[in-house]
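Secondary and tertiary structure notes
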Amino acid sequence: HMRLIYEGRVLREAETLECYKADSEVPVQVHFTAGHAALLGGSKPQVTQHNPFTTPVRGLPGSKGNRTSRMSGRLGGMALIRKYGILMKRQEFREKAPEIGFVKYR
């Protein structure tokens, strides 16, 4: 998405730069928004986990990286602890383990 702004107003699609004064000190600003839906690539839509506190019975379709942490919402992968339904990243679990009741014996 791109917008042209001149003298504090947005130029519409039908307007041209005829009002632009070359000897003026006012620049023409170009605002470009990256990440628009039209810029997304790939053939399959992204699968998102709607509820971070539970996982579907048959798992998420796709790769392991689609699973999210229940604390931060960050995408998991191999560092996501899923045992007992914890669903936390390894670093987050190390911070919260004493509060949850886990004790390290070694």
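**Here's the deal with the overall build of the protein**
The helix and strand inventory of the protein stands at 1 helix and 5 strands. In the protein, the succession of helices and strands from N to C terminus is β-β-β-β-β-α. Within the protein, the fraction of its 106 residues that count as buried is 17%. Considering only contacts within the protein whose residues lie at least 6 apart along the sequence, 20% involve residues at least 24 apart. About 9100 Å² of surface is accessible on the protein, with carbon and sulfur atoms providing 55% of the total.

**Re a nonpolar patch on the surface**
Where nonpolar side chains cluster on the molecular surface, the patch consists of M2, L4, V30 and F32 and spans about 410 Å² of accessible area. Sorting the residues of the nonpolar patch by element identifies β1 (2-6) and β3 (28-32) as the ones contributing at least two each. A residue is classified by how much of its surface remains accessible, and M2, at 57% relative accessible area, is exposed.

**As for the side chain of S69**
Tracing the backbone shows S69 in the loop between β3 and β4 (80-81). Here the side chain of S69 touches E92 through a polar contact of 2.5 Å, side chain to side chain.

**Some words on the side chain of E92**
With respect to the element layout, E92 can be found in helix α1 (residues 90-100). The side chain of E92 sits in the buried core without any salt bridge; R74 is the nearest counter-charge, 4.6 Å away. Residues contacting E92, with those up to four places away along its chain left out, are S69, M71 and S72.

**Thoughts on the packing of aromatic side chains**
Taken as a whole and judged by the stated rule, the model has 1 aromatic pair. On the numbers, 5.2 Å between centres and 70° between planes, the contact of F93 with F102 is edge-to-face. When its relative accessible area of 35% is taken as the criterion, F102 is described as partly exposed.

**Things to note about the confidence of the model for the protein**
Of the residues in the protein, 73% have a pLDDT of 70 or more, and the chain-wide mean is 77. At the level of individual helices and strands, the protein shows its lowest average pLDDT in β1, which scores 81, and its highest in α1, which scores 92.

Cut-off values and rules
- Residues numbered from 1 in each chain as written.
- Predicted model: local features only at pLDDT ≥ 70, side-chain atom pairs only at ≥ 80, totals over all residues.
- Heavy atoms only, no water.
- Helix = DSSP H or I, 4+ residues; strand = E, 2+ residues; numbered from the N terminus.
- Buried < 20%, exposed > 50% of the residue type's maximum accessible area, 1.4 Å probe, protein only.
- Contact = heavy atoms within 4.5 Å.
- Areas by Shrake-Rupley, 256 points an atom, 1.4 Å probe, with all protein chains shown as cover.
- Patch = residues over 30% accessible without salt bridge, like charges linked within 9 Å, V, L, I, M, F, W, Y side chains within 5 Å.
- Salt bridge = Lys/Arg side-chain N within 4 Å of Asp/Glu carboxyl O.
- Polar contact = N/O pair within 3.5 Å; in protein donor to acceptor, adjacent residues only side chain to side chain.
- Lys, Arg positive; Asp, Glu negative; His and termini not counted.
- Phe/Tyr/Trp six-rings, centres within 6.5 Å; stacked < 30°, edge-to-face > 60°.
- pLDDT = per-residue confidence, 0-100.

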